[in-house]
Amino acid sequence: MKITLAAILIFGPLLALLPALRALEGPQPPEPLPEPRSVFVNQEKGELIVCAVVQHPEDKPCIDDWGQRVQAFVGCSRAAGGDAKMAGYFVFLVDVPTEDVYEGLIKLGAKTKVHYSIQEGQKRSGLKPSTQSEDYLQGDPVVLSVFWKEGERWIERPYQSFVDEQVMVDGQPVTKPWTPHFVFHGSGAIHRAGTGCVACPCDCPGGIIADNRYPIYNPKPTVRFNWSVAPRPGTQVYVRIRPIASR
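We now turn to the structure provided with this report.

What follows deals with the overall build of the chain. When its secondary structure is counted, the chain shows 4 helices and 15 strands. Across the 247 residues that make up the chain, the buried fraction comes to 45%. Taking the contacts inside the chain whose residues are at least 6 apart along the sequence as the reference set, 68% of them involve residues at least 24 apart.

Moving on, we come to the pairing of strand β10 (residues 172-177). Here 6 bridges tie strand β9 (residues 163-169) to β10, and the two strands are oriented antiparallel to one another. Residue pairing for β10: E165 is matched across the bridge by K176. The hairpin formed by β9 and β10 contains 2 residues between the paired strands, and D170 there has a positive phi angle of roughly 50 degrees.

Our focus in this paragraph is the packing of aromatic side chains. Throughout the structure, instances matching the rule amount to 14 aromatic pairs. With 5.4 Å between their ring centres and 25 degrees between their planes, F147 and Y238 make a pair best called stacked. Of the two residues, F147 is situated in strand β7 (residues 138-150) and Y238 in strand β15 (residues 236-243); the sequence distance between them amounts to 91 residues. In this pair, the class of F147 matches that of Y238, namely buried. Within the aromatic cluster, the residues linked to one another by ring pairs are F73, F92, W148, Y159, F162, W178, F182, F225 and W227. For R69, the ring lying beneath its charged end belongs to F73, and the centroid distance is 4.4 Å.

The rules behind each value
- Residues numbered from 1 in each chain as written.
- Predicted model: local features only at pLDDT ≥ 70, side-chain atom pairs only at ≥ 80, totals over all residues.
- Heavy atoms only, no water.
- Helix = DSSP H or I, 4+ residues; strand = E, 2+ residues; numbered from the N terminus.
- Buried < 20%, exposed > 50% of the residue type's maximum accessible area, 1.4 Å probe, protein only.
- Contact = heavy atoms within 4.5 Å.
- Pairing = 2+ DSSP bridges.
- Phe/Tyr/Trp six-rings, centres within 6.5 Å; stacked < 30°, edge-to-face > 60°.
- Lys NZ or Arg CZ within 6 Å of the ring centre and 35° of its normal.

So this is what it looks like as structure tokens:
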């Protein structure tokens, strides 16, 4: 069979991914895993991994029905030297303080750019004619995923694939993929908010990563967690965060 340069250019990058895909499907962990209550910072890969457990906060917004929320779906059990204020809202409950995740991202070279306390953020809330770029939390973009072992294979999914989003079109609700734009602003750690939130579904200064498609707090997207693709409550999972560090 004759292999052309075009074929190499098209299929070469895909072939390079095959070892990683096989590793994820195999019986062994895809890479070194963090010890409990620790942050594994992988400088070579430019990412960090933390342990988490799945919980089902049934009475909280956006868990079993459409709604809006400021609380992250992934967050830490501890923050600002105590129990995290929002720990009961998270689906993926990480076993380290938020500040440790923040420090891990800093070690990877991630940079924050615009950050505020919750109180200052409330003053800048909403999309209005006077809204400026400073009314959006800003920092280096990040990519998050969650992986876990199910039977004899490892499964990894992007963080945003666990959530659906609803928008109104001609007065009718339409379900679409959740399309957040996550940035590392660091506010929750810098200003010691104590929420425990890691990656919030709106532009909220209570966590350290936010979807900054809109200005701080409002408008919020309408979202719902999709349990059909999530591991069962009680499952041990791992959260991977990879910043796209500016230079």
